[in-house]
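So the chains spell out like this:
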Amino acid sequence: RLTWTRTAALEAEAVASLSCSRHGRAFLDGIGSGSSQGEPACECYACYGGSDCSELLPDCPADADSGDPLFLEPFWMQRAESSAVMVSGWHRMSYQITKGTMLSIELEKHIRKLHSVIRNANETGKFMLFGDGSTQLLNAAVHALSYNTSSPAHVVAAAPYYGAYEAQTNFFKCEDYEWEGDAFQWKNTSDSSVNFIEFVTSPNNPDGLLRHPVIQGPFAKAIHDHAYYWPHFTAIPSMVDEEIMLFTLSKITGHAGTRFGWALIKDEEVYNRMLKYISINTIGFSHESQLRALKLLKVVLQGGGKDMFQFGYKTLSDRWRKLSTSLSLSKRFSLQKIAPQYCTFFLGIREPSPGYAWLKCEMEEDEDCERVLSGAGIIGRTGSIFGASKRYVRLSLLKSQDDFDWLLHRIKALVAQEAI
Ligand SMILES: C=C(NCc1c(COP(=O)(O)O)cnc(C)c1O)C(=O)O
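Residues numbered from 1 in each chain as written. Predicted model: local features only at pLDDT ≥ 70, side-chain atom pairs only at ≥ 80, totals over all residues. Heavy atoms only, no water.

**Student:** How should the overall build of the chain be read in this particular structure?
**Tutor:** Looking only at helices and strands, one finds 12 helices and 19 strands in the chain. Projected onto its principal axes, the C-alpha coordinates of the chain cover approximately 70 × 65 × 40 Å. Within the chain, counting contacts between residues at least 6 apart in sequence, those at least 24 apart form 70% of the total. Accessible surface, the chain as shown: approximately 19900 Å² in total, 53% of it carbon and sulfur. The averaged location of the 48 negative side-chain charges in the chain is 6 Å from the averaged location of its 42 positive side-chain charges. (Helix = DSSP H or I, 4+ residues; strand = E, 2+ residues; numbered from the N terminus. Contact = heavy atoms within 4.5 Å. Areas by Shrake-Rupley, 256 points an atom, 1.4 Å probe, with all protein chains shown as cover. Lys, Arg positive; Asp, Glu negative; His and termini not counted. Charge placed at Lys NZ, Arg CZ, Asp CG, Glu CD.)

Here is the structure:
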């Protein structure tokens, strides 16, 4: 018999019962939740409107800019009961969780179990640190690796690279490090007086390809960003085991809004410097986020992790197949090439299922590919943000089904124009 949780449970179920014509959903903290009726408004997916999201907005562009991972929302809606968590008004009000630490021991245990079940990363003997998204851990790692260097460390990444590395490094720039662009430009440098810190993103954002460090040698350190090294985005050919490895709940379960990431770190000194950065920056991390992450990972781990990763892989591989089939008819546009590869998790060859399409405008006159696509009602992210040519555009395949359907519709119309 429910007692103090009854009201919260009734509120949650009332909001969840709003179907929003299956082209949106309502949230407990949605607009209007404070009104007398108490019924929050439907929040519609792109290109749908009206109080119940039943109206298709005809001239709406297909927005494929952000890596907002809503493709997994249906999976969680189908598991409402097992994935919900009740937060009492007095839940963990202290800054600390257990004596002296701000990490949930149970959550750390489940993360280690996740890596050992998926066999994507070796967590044995590694220090674990949480972050406010893995975004917070990016600069924490640069800080820890550039500490006490005689001259500013060169922070680099192989183009095309995830734009946050450049944006963050320039924003937080200090005498210990500075952004030095494309790692390929420094590949053969023989200047041993320079320390390099290379962001290695594997699989890569934006092209989804598995990667290794470009800069080699005793003065090169790497931050391995494995945000997408999970079976729904890529084959897992082997277990990675690096000095610093970063992961994020955003891309595993799709809960970007929970703002929860973690780092596995080999060296204790590097770990302590990153821990000090996080402590000074935010005095640790949200306990509500940790509680929710624990609940979600327990669901992921049910049945050995197969359910969610199968769901995600099927969704993304279907999307990739539909998009690449449509664009295979085009002479004007091309996509990155991703070969089918053996996966040690699915124990078989798996088809490509990248989170993003890295589209190239092949015609001489189409130098600004973002402009070409926006003229056709498609919003993408220009290649220059990734340190690449404006001849490229990144298209997100991670968003809601409505978002993807609308993108595919616009792409097909654009390719059909070539025949005219
Ligand atoms: C949201 C997007 N990227 C998230 C991301 C992040 C950030 O993840 P958070 O944990 O949500 O902060 C880190 N590393 C890589 C390679 C990423 O692609 C994007 O590219 O649109």
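From this point, the discussion proceeds with the structure in view.
**Student:** Before we go on, may I ask you to explain helix 12 (residues 401-418) in this structure?
**Tutor:** Spacing of three or four residues puts side chains on the same side of an α-helix, whose turn is 3.6 residues. Counted at 1.5 Å a residue, the expected span for helix 12 with its 18 residues is 26 Å, and the 26 Å between its end C-alpha atoms agrees. Taken as a whole, helix 12 has its buried residues at D402, D403, F404, W406, L407, L408, R410, I411, L414 and V415. (Expected span 1.5 Å × (residues − 1). Buried < 20%, exposed > 50% of the residue type's maximum accessible area, 1.4 Å probe, protein only.)

**Student:** Is there a simple way to think about the side chain of T315 in this case?
**Tutor:** Relative to the helices and strands, T315 resides in helix 10 (residues 306-327). Leave out the neighbours within four places in its chain, and T315 touches F71 and Q401.

**Student:** Would you mind going over the sheet that holds strand 6 (residues 127-132) with me for this structure?
**Tutor:** Hydrogen bonds between backbone atoms are what pair the strands of a sheet, whose relative direction is either parallel or antiparallel. Across the sheet, 7 strands lie side by side as 6-12-11-10-9-7-8; this open sheet has mixed pairing. Both edges of this open sheet fall to strand 6 and strand 8 (177-182), since each of them pairs with a single strand only. Neighbour to neighbour, the strand axes of the sheet diverge by 25° on average, direction disregarded. Across the sheet, helix 4 (residues 105-118) touches strand 6, strand 11 (244-248) and strand 12 (260-265), and the angle it forms with strand 6 is around 110°. (Pairing = 2+ DSSP bridges. Axes fitted to C-alpha atoms, helices over the stretch in contact; angles between N-to-C directions.)

**Student:** Would you take a moment to explain the sheet that holds strand 18 (residues 381-382) for this structure?
**Tutor:** As summarised here, the arrangement of the 4 strands in space is 13-16-19-18, forming an open sheet in which the pairing is antiparallel. A single partner strand is all that each edge strand has here, and the edge strands are strand 13 (333-334) and strand 18. Bridging between strand 18 and strand 19 (residues 392-396) involves 2 bridges; their strand directions are antiparallel. The residue bridging R381 from the neighbouring strand is R394, located in strand 19.

**Student:** Before we go on, may I ask you to explain the site of the ligand in this structure?
**Tutor:** Taken together, 18 residues are adjacent to the ligand, and T135, D225, Y228, T248 and S250 come closest. At a separation of 2.7 Å, a nitrogen atom of the ligand approaches a polar side-chain atom of D225. Broken down by secondary-structure element, the contributors of at least two residues to the shell around the ligand are helix 5 (133-145) and helix 7 (249-252). Ranked by the residues each element gives to the shell around the ligand, the list is headed by helix 5, at 3 residues. By residue class, the composition of the shell around the ligand is 5 nonpolar, 8 polar and 5 charged. (Near = heavy atom within 4 Å. Polar contact = N/O pair within 3.5 Å; in protein donor to acceptor, adjacent residues only side chain to side chain. Nonpolar A, V, L, I, M, F, W, Y, C, P; charged D, E, K, R; others polar.)

**Student:** Would you take a moment to explain a nonpolar patch on the surface for this structure?
**Tutor:** Taken together, W4, M86, W90 and M93 make up a surface patch of nonpolar side chains, about 530 Å² in accessible area. Among the secondary structure elements, W4 is positioned in the segment before helix 1 (6-16). Owing to a relative accessible area of 49%, W4 belongs among the partly exposed residues under this scheme. (Patch = residues over 30% accessible without salt bridge, like charges linked within 9 Å, V, L, I, M, F, W, Y side chains within 5 Å. Salt bridge = Lys/Arg side-chain N within 4 Å of Asp/Glu carboxyl O.)

**Student:** What is the right way to look at the pairing of strand 8 in this model?
**Tutor:** Consecutive residues of a regular strand have side chains that alternate between opposite faces of the sheet. Pairing of strand 7 (residues 153-157) with strand 8, which is carried by 4 bridges, proceeds in the parallel orientation. Following the sheet pairing, A157 is matched in strand 8 by D182. A crossover connection joins strand 7 to the parallel strand 8 through helix 6 (residues 164-171); in handedness this β-α-β unit is right-handed. (Right-handed = clockwise from strand over helix to strand, strands pointing away.)

**Student:** For this particular structure, what's the right way to read the packing of aromatic side chains?
**Tutor:** For any pair of aromatic rings, the description consists of the separation of the ring centres together with the inter-plane angle of the planes. Scanning all chains against the criterion turns up 23 aromatic pairs. Ring geometry for F260 versus W262: centroids 6.0 Å apart, planes at 45°, classification tilted. On the basis of relative accessible area, F260 is assigned to the buried category, the value being 1%. Note on F309 and F345: the rings are 5.9 Å apart at their centroids and 80° apart in plane angle, and the pair reads as edge-to-face. (Phe/Tyr/Trp six-rings, centres within 6.5 Å; stacked < 30°, edge-to-face > 60°.)

**Student:** What should I look at first to understand the state of the cysteines in this one?
**Tutor:** By definition, a disulfide links the sulfur atoms of two cysteines through a covalent bond. A full pass over the atoms with the stated rule returns 4 disulfides. Between the sulfur atoms of C44 and its disulfide mate C53 the distance is 2.1 Å. Residues C44 and C53 are joined by a disulfide whose S-S torsion is about -85°; by sign, that bridge is left-handed. The disulfide partner of C361 is C369, and the gap between their sulfur atoms is 2.0 Å. Handedness here is read from the sign of the S-S torsion; for C361 and C369, about 70°, the answer is right-handed. The pair C361 / C369 is uniform in exposure class, with both members buried. The connectivity of the disulfide bonds within the chain can be written as 1-2, 3-5, 4-6, 7-8, using the sequence rank of each bonded cysteine. (Disulfide = S-S within 2.5 Å.)

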